[in-house]
Amino acid sequence: AEYMGVRSRDKAMLNAIVRNQQQRTESGVGDDELPDSFETNVWGVDEVAKWLNAQGFAEWIPLFKAHDITGDKLVDLDIVLLRDMGIREVGSRIRMMDAIAKLVRKGMKPETSRLTVPSWPVAFLQIFTFSWAQTSEGKSAAQQKDEITTANTYIALVGAVLAATAFDWFTKTTNACYCNAEDCYCSAGFDLEGEYLWAFHFLCGVSAASLICGTVFASLQIIAINEMSDDSEIARFSALLGGAETLPGKLVTFGIAAMVSAVILFVIFTVRLGVFSNQHKIVPWVHLICICGIFFYSLIIALARMIRVVYQAKFSWREKMEAEEMKHVR
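As the structure is a computational prediction, the values presented were derived from the model and not from experiment.

Peer 1: When you look at the confidence of the model for the chain in this model, what are you seeing that I'm missing?
Peer 2: A low pLDDT score tells you not to read the predicted coordinates there in detail. Of the residues in the chain, 81% reach a pLDDT of 70 or more, and the chain-wide mean stands at 83. Low pLDDT, under 50, characterises residues 1-7; the predicted model gives this stretch 0 contacts beyond four residues in sequence or across chains. Scored below 50 in pLDDT, residues 9-14 shows 0 contacts in the model against residues more than four places distant or in partner chains.

Peer 1: Just checking my understanding: could you explain the nonpolar core for this structure?
Peer 2: Within soluble globular proteins, side chains that are nonpolar tend to cluster in buried spots. Ranked by internal contacts, the top residues of the largest apolar core, which has 20 residues, are Trp-51, Leu-52, Phe-64, Leu-74, Leu-77, Leu-82 and Met-96. Within the residue set of this core, elements represented by two or more residues are helix H2 (45-54), helix H3 (61-66), helix H5 (79-85) and helix H6 (90-107). Counting residues in each nonpolar core, the second largest holds 9 residues, with Ile-155, Ala-163, Leu-211 and Met-259 among its members.

Peer 1: Sorry, what's going on with the packing of aromatic side chains here?
Peer 2: Aromatic rings considered in pairs are described by the distance between their centres and by the relative angle of their planes. For the structure on display, the rule yields 9 aromatic pairs. Centroid distance Phe-190 to Phe-200: 5.0 Å. Interplanar angle 45°. Geometry classified as tilted. Here Phe-190 is found in the loop between strand E2 (184-187) and helix H9 (194-226), whereas its partner Phe-200 is found in helix H9, with 10 residues between them in sequence. The class of Phe-190 is partly exposed, set by a relative accessible area of 27%. The class of Phe-200 is buried, set by a relative accessible area of 3%. Among the aromatic residues, those joined into a cluster by ring pairs are Trp-169, Phe-190, Phe-200 and Phe-266.

Peer 1: Explain a nonpolar patch on the surface to me, please; I cannot follow it from the model alone.
Peer 2: Side chains of Phe-167, Ile-212, Val-216, Leu-220 and Ile-223 sit close together on the surface and give an oily, nonpolar patch of about 460 Å² of accessible area. Considering each element in turn, the nonpolar patch owes the most residues, 4 residues, to H9. Given a relative accessible area of 39%, Ile-212 falls into the partly exposed group.

Peer 1: Mind showing me how you'd approach helix H7 (residues 120-129) here?
Peer 2: Given 3.6 residues per helical turn, the α-helix brings residues three or four places apart onto the same face. If you check which residues of H7 are buried, you get Ala-123, Gln-126 and Ile-127. For H7, the angular spread of the buried residues around the axis is 115°, confining them to a single face. In H7, the exposed residues that point more than 90 degrees away from the buried face are Pro-121 and Leu-125.

Peer 1: What exactly am I supposed to notice about the layout of surface pockets here?
Peer 2: Summary: where empty space remains is shown by rolling a probe the size of a single water molecule over the atoms. Counted as a void, the largest pocket has a volume near 1,000 Å³. Surrounding the largest pocket, 41 residues form its lining, Ile-127, Phe-130, Trp-132, Thr-253 and Leu-303 being those nearest its centre. When contributions to the lining of the largest pocket are tallied by element, the ones reaching two or more residues are H7, helix H8 (141-171), helix H11 (247-269) and helix H12 (283-329). The greatest single-element share of the lining of the largest pocket, amounting to 11 residues, is contributed by H11. Here the residues of the lining of the largest pocket are counted per class, giving 30 nonpolar, 8 polar and 3 charged.

Peer 1: What is the right way to read the environment of Trp-43 from this model?
Peer 2: Within the secondary structure, Trp-43 is located in the loop between helix H1 (2-27) and H2. Sequence separation between Trp-43 and Lys-73 is 30 residues, and the spatial gap between their C-alpha atoms is 9.6 Å.

Peer 1: Whenever I open this one, the packing of H8 against helix H10 (residues 231-241) confuses me. Can you help?
Peer 2: Contact geometry for H8 and H10: axes closest at 8 Å, N-to-C directions at 55°. Classified by the angle between their axes, H8 and H10 sit oblique to one another. For the pair H8 and H10, the crossing hand works out as left-handed. The segment H8 lies against H10, with Ala-141, Ala-142, Gln-144, Lys-145 and Ile-148 engaging Asp-231, Ile-234, Ala-235 and Ser-238.

Peer 1: Whenever I open this one, the environment of Asp-68 confuses me. Can you help?
Peer 2: Here Asp-68 shows up in the loop between H3 and helix H4 (71-74). Exposure remark for Asp-68: the relative accessible area of 41% places this residue in the partly exposed category. Through-space distance from the C-alpha of Asp-68 to that of Val-45 is 6.4 Å; in sequence the pair is 23 residues apart. Excluding its chain neighbours within four sequence positions, the residues that come into contact with Asp-68 are Val-45 and Lys-73.

Conventions and cut-offs
- Positions within a chain are numbered from 1, following the residues in the order the chain's sequence is written.
- In view of the model being predicted, local features appear only for residues whose pLDDT reaches at least 70, and side-chain atom pairs are presented and counted only at 80 or more, with totals across whole chains, interfaces and linings using the full set of residues.
- Side-chain calculation: all heavy atoms of the structure are included, whereas hydrogens and water are not.
- As a per-residue measure, pLDDT reflects the predictor's confidence and takes values from 0 up to 100.
- Contacts between residues were defined by any pair of non-hydrogen atoms, one from each residue, lying within 4.5 Å.
- Note on terminology: a nonpolar core comprises buried Ala, Val, Leu, Ile, Met, Phe, Trp, Tyr and Cys residues joined through side-chain atoms within 4.5 Å.
- Three labels apply to residues, based on accessible area from a 1.4 Å probe with only protein chains included: buried if under 20% of the type maximum, exposed if over 50%, partly exposed otherwise in between.
- By definition, any uninterrupted DSSP run of H or I lasting at least four residues is a helix, any uninterrupted run of E lasting at least two residues is a strand, and each is numbered from the N terminus.
- Stacked, edge-to-face and tilted labels apply to pairs of Phe, Tyr and Trp rings (six-membered ring for Trp) whose centres lie within 6.5 Å, assigned for plane angles under 30 degrees, over 60, and everything in between, in that order.
- A patch consists of residues whose relative accessible area exceeds 30% and which take part in no salt bridge; residues with like charges are grouped when within 9 Å of each other, and nonpolar side chains (Val, Leu, Ile, Met, Phe, Trp, Tyr) when within 5 Å.
- Note on areas: Shrake-Rupley with a 1.4 Å probe; residue coverage comes only from the protein chains shown.
- Put simply, a salt bridge is a Lys or Arg side-chain nitrogen that is within 4 Å of an Asp or Glu carboxyl oxygen.
- Directions are taken from the helix axis to each C-beta atom, and the arc is the one they span.
- Put simply, the grid is 1 Å and covers the protein atoms alone, a cavity is a trapped set of points that fit a 1.4 Å probe, a pocket is an open set with protein on both sides within 12 Å along at least five of seven lines, and lining residues have an atom within 4 Å of a point.
- Grid points are joined across faces, edges and corners, and a volume is the space filled by probe spheres set on the points.
- Charged residues are taken to be Asp, Glu, Lys and Arg, nonpolar residues to be Ala, Val, Leu, Ile, Met, Phe, Trp, Tyr, Cys and Pro, and polar residues to be all remaining types, Gly included.
- Between N-to-C directions, angles span 0 to 180 degrees; the directions come from axes that are lines fitted to C-alpha atoms, helices contributing only their stretch in contact.
- Orientation labels follow simple angle bins: below 35 degrees gives roughly parallel, above 145 gives roughly antiparallel, 65 to 115 gives roughly perpendicular, and whatever is left gives oblique.
- Crossing handedness is defined as follows: a turn of the near helix away from the far one that is anticlockwise and smaller than a right angle gives a left-handed crossing, while the clockwise case is right-handed.

Now the structure itself:
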């Protein structure tokens, strides 16, 4: 009885395979044919038929052609409309809706299919170019608005706090003198002298300017995006911004880099406690190594790794979609 049951299942599977091949042949669509692109808004009934065939739904191709289902109509189908079209099996309708959902997601992410995981040097450069922050796709206008508003809010907050600190350093780099009737007592700004004081002053000024501009631009972007009246205006605004969308992040990142450089310069060249001071030999070097190690790991290694993870997450999604497509084609 068990043997007969196995033979019956094998026979049913063989009949299903033969029936599916016959349906594909009758539909006039080849096994290896796929639409030229996944921009469903330009698909006609033939492209929809190719997609159905590739997804294993060849039996429904005549039904979709009879109802004149083009690409723009395909993505608007729901489980009730599929039933009204004549697909009665609940399981078939669920599988169809799942395939349509994946198609919509892929069509909304054309650039994701061309992304590659950057190398470590490239990821390091993207810390400053902020190009990794322009890889999101497939978001609605409302989601784009929330993304721009939230990101710029955090950038403005961080930029404002650091700008206040950098500006305070910048204004205190001058020499301070106190004079009485007989003598004058002067102290060098931040215990630095000569060209090192000038370099520290320069780095603090550049940092303060970058952070202030980044904060202002982030705030203005929030105001501008909230001036958009509807979804079409929001989408157009986001598209026209282009690279300027990440300008606040670039400015704040550059300001932080200048600020970090000023800290390292101070640790090395401060007169009394610096690496080249005569009072201590080991402690300043330990101090310098600790500070540089913290900065290097947190602001370079960890950030570069995070950027690579962003691309890896998108790349893994692309590989999953390609594997599913190959499975359907086979």
